[in-house]
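Analysis of the macromolecular model
Chain by chain, the residues:
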Amino acid sequence: MKNLVITLLVIAAIVIGILTFISGLIDLILGVVGIAIMAILVFILWGAWKIKSED
């Protein structure tokens, strides 16, 4: 009985660890995508301003 409880706790800990890792990975991916979108927008705005300022 004691071994069964320990096994269940270990399995639960592994599952929680994997879920935490996946949620962290999703947050990281969303953060990188957000930064990339911001960088592209800044580049577009800078390009548009540069073209306007040359006229």
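In this report, the structure presented in the accompanying data block is examined. (Residues numbered from 1 in each chain as written. Predicted model: local features only at pLDDT ≥ 70, side-chain atom pairs only at ≥ 80, totals over all residues. Heavy atoms only, no water.)

**Here's the deal with the overall build of the chain**
What counts, and what does not: Labels follow the DSSP assignment, with helices taken as runs of H or I lasting at least four residues and strands as runs of E lasting at least two, numbered in each case from the N terminus. It is over C-alpha atoms that the radius of gyration is taken, and the globule rule equals 2.2 Å times the number of residues to the power 0.38. Note on exposure labels: buried denotes an accessible area under 20% of the residue type's maximum, exposed denotes more than 50%, and partly exposed covers the range between, all computed with a 1.4 Å probe on protein chains only. Only the protein chains shown count as cover for residues, and all accessible areas are computed by the Shrake-Rupley method using a 1.4 Å probe.
Along the backbone of the chain there are 1 helix and 0 strands. For 55 residues, the compact-globule estimate of 2.2 N^0.38 gives 10 Å, and the C-alpha radius of gyration of the chain, at 24 Å, exceeds that figure by more than 25%. Burial status across the chain gives 0% buried among its 55 residues. Counting only carbon and sulfur atoms, one obtains 83% of the accessible surface of the chain, whose full area is about 5,100 Å².

**Quick look at the environment of Leu25**
Residue placement: Leu25 occurs in helix H1 (residues 2-54). With 13 residues separating them in the primary sequence, Leu25 and Met38 have C-alpha atoms 20 Å apart.

**With respect to the environment of Ile18**
Examined against the element boundaries, Ile18 turns out to sit in helix H1. With 14 residues separating them in the primary sequence, Ile18 and Val32 have C-alpha atoms 21 Å apart.

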